[in-house]
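# Understanding the architecture of this molecule
So you can see what is in the structure, the chains are spelled out below.
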Amino acid sequence: MNHRRNFLKSGLGGIAGLSAVPLLGGLAGCQSVPGAASSASSGRAAPLQTQKVTDRISVISGAPGNVVVLNTGDGVLLVDSGSAAQASAVQKSLAGARVRTLYNTHYHADQTGGNPLFAKSGAEIHAHTITKQWLAADYYVPADDRWVKAPPKEAVPTVTFRGRGEAKAGAESIEYGYLLEAHTRGDAYVYFRDSNVLAAGDVVSPQRDPVLDWYAGGWLGGRADAMDDLLGIGNDQTLIVPAYGPVMTRAQLQAERDLITKLYDTTSNLYHHGNSAQDMMDKGVLKDVGRVFQDPERFLYDVVKGLQAHYTNFGGNVV
Ligand SMILES: [Zn+2]
């Protein structure tokens, strides 16, 4: 645990430096976007719901994931923009409020599909540098053996960051920052300090199986560390908004973090001893962990792919 964290933190500078260079297929890959591809391509428009979370913050759900809306008194700030298919519906839900600023938690099409629409009407798009890189190029989805065309250039974030930062939107103080290799390699959180609401993107997954986009750098060890980082933000009253599913309490975040950390410990140990995803399945690593996985084979396949891609993080001799 500490070993993994220390390794990641000490390696952070190097990884961040490397990512500025368009290396191998690194910019052009995407493992999986469950729900995103289908909803984006089918054009189906499910009804959206808006839930008021605090005085200033609401969450639009069903887009197909969550869009966080901060009312600044002079328009709104969004975290994620929904899929392309739902962009107009998201805009309608805003009841005429102008989107001034949009943060993307990562590059997946179900979080960035509305970028062009809001950019064209004047929103400034903020994201981690690596998310910008992903949105600026075609990318490959190995699970489907297909290429996805880069979105229109308006979708590409214009304001980028690599570490942490602060901003002000109306009366609200905002903190944002990088979550290293948790779900992709460009994950970011946005914390609304005065409202005490934390938008965590797909790094937290109370409803769907946790997705590890290993082709884009996500893995279980990164996810466990990132969840520790999220727990370091705010206090016991902080409300957490995941990319999909209901608004969470800090206790729920802690429970999911404990599960992910336990699964990391179990699966990395088994991987160390030559076990495949099927072996892990057969040994029942996902049984009695307090959560039912919708597609356990797929999850463990992605876990092992992520462990393979990060084997140097173990410090052991993994063959
Ligand atoms: Zn995602």
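This is a predicted model, so every value here is computed, not measured. (Residues numbered from 1 in each chain as written. Predicted model: local features only at pLDDT ≥ 70, side-chain atom pairs only at ≥ 80, totals over all residues. Heavy atoms only, no water.)

## Side note on the nonpolar core
Note the following rule: We define a nonpolar core as any set of buried Ala, Val, Leu, Ile, Met, Phe, Trp, Tyr and Cys residues linked to one another through side-chain atoms lying within 4.5 Å. Only protein chains enter the accessibility calculation, which uses a 1.4 Å probe. A residue is then buried if its area is under 20% of the maximum for its type, exposed if over 50%, and partly exposed in between. Numbering goes from the N terminus for both helices and strands, where a helix is a DSSP run of H or I of at least four residues and a strand is a run of E of at least two. Contacts are assigned to residue pairs that have any heavy atoms within 4.5 Å of one another.
Core analysis: the largest hydrophobic core is formed by 37 residues, its most contacted members being Leu220, Leu230, Leu263 and Phe299. For this core, the secondary structure elements donating two or more residues are strand 12 (187-192), strand 13 (197-201), helix 7 (220-231), helix 8 (250-272), helix 9 (277-282) and helix 10 (296-309). For this core, the element with the highest residue contribution is helix 8, accounting for seven residues. Sequence-distant contacts of Leu220, defined by excluding residues within four places in its chain, comprise Leu212, Ile260, Leu263, Tyr264, Thr267, Phe299 and Val303. Listed in part, the 18 residues of the second largest apolar core include Val59, Leu77, Val79 and Val197.

## Focus on the sheet that holds strand 3 (residues 67-71)
Here is the rule we go by: Each pair of strands is called paired provided DSSP finds at least two bridges between the two strands. To obtain each axis, a line is fitted to C-alpha atoms, and for helices this fit is confined to the stretch in contact; angles are then taken between N-to-C directions over 0 to 180 degrees.
The strand order across the open sheet formed by seven strands is 1-2-3-4-5-6-9, and the pairing between neighbours is mixed. Unpaired on one side and paired on the other, strand 1 (49-52) and strand 9 (159-161) mark the two borders of the sheet. Each neighbouring strand pair of the sheet contributes to a mean axis angle of 20°, computed without reference to strand direction. Relative to strand 3, strand 2 (residues 57-61) is paired through four bridges, and the arrangement is antiparallel. The residue bridging Val59 from the neighbouring strand is Val68, located in strand 3.

## Overview of the coordination of the zinc ion
By definition of the ideal shapes, a tetrahedral metal site with four donors has angles of 109.5 degrees and an octahedral site with six donors has angles of 90 or 180 degrees. What counts is decided by this rule: Only nitrogen, oxygen and sulfur atoms qualify as donors, provided they sit within 2.8 Å of the metal or within 3.2 Å for Na, K and Ca; with water excluded from the atoms, sites may seem incomplete.
The protein atoms donating to the zinc ion are His106 (NE2), His108 (ND1), His183 (NE2) and Asp202 (OD), with metal-donor distances spanning 2.1 to 2.4 Å. Look at where the donors of the zinc ion fall in the sequence and you get H-x1-H-x74-H-x18-D. Of this pair, His106 sits in the loop between strand 5 (99-103) and helix 4 (109-112) while His183 is found in the loop between strand 11 (172-179) and strand 12, placing the two residues 77 residues apart along the sequence. Overall, the relative accessible area of 0% leaves His106 in the buried class. Residue His183 is classed as buried on the basis of its relative accessible area of 1%.

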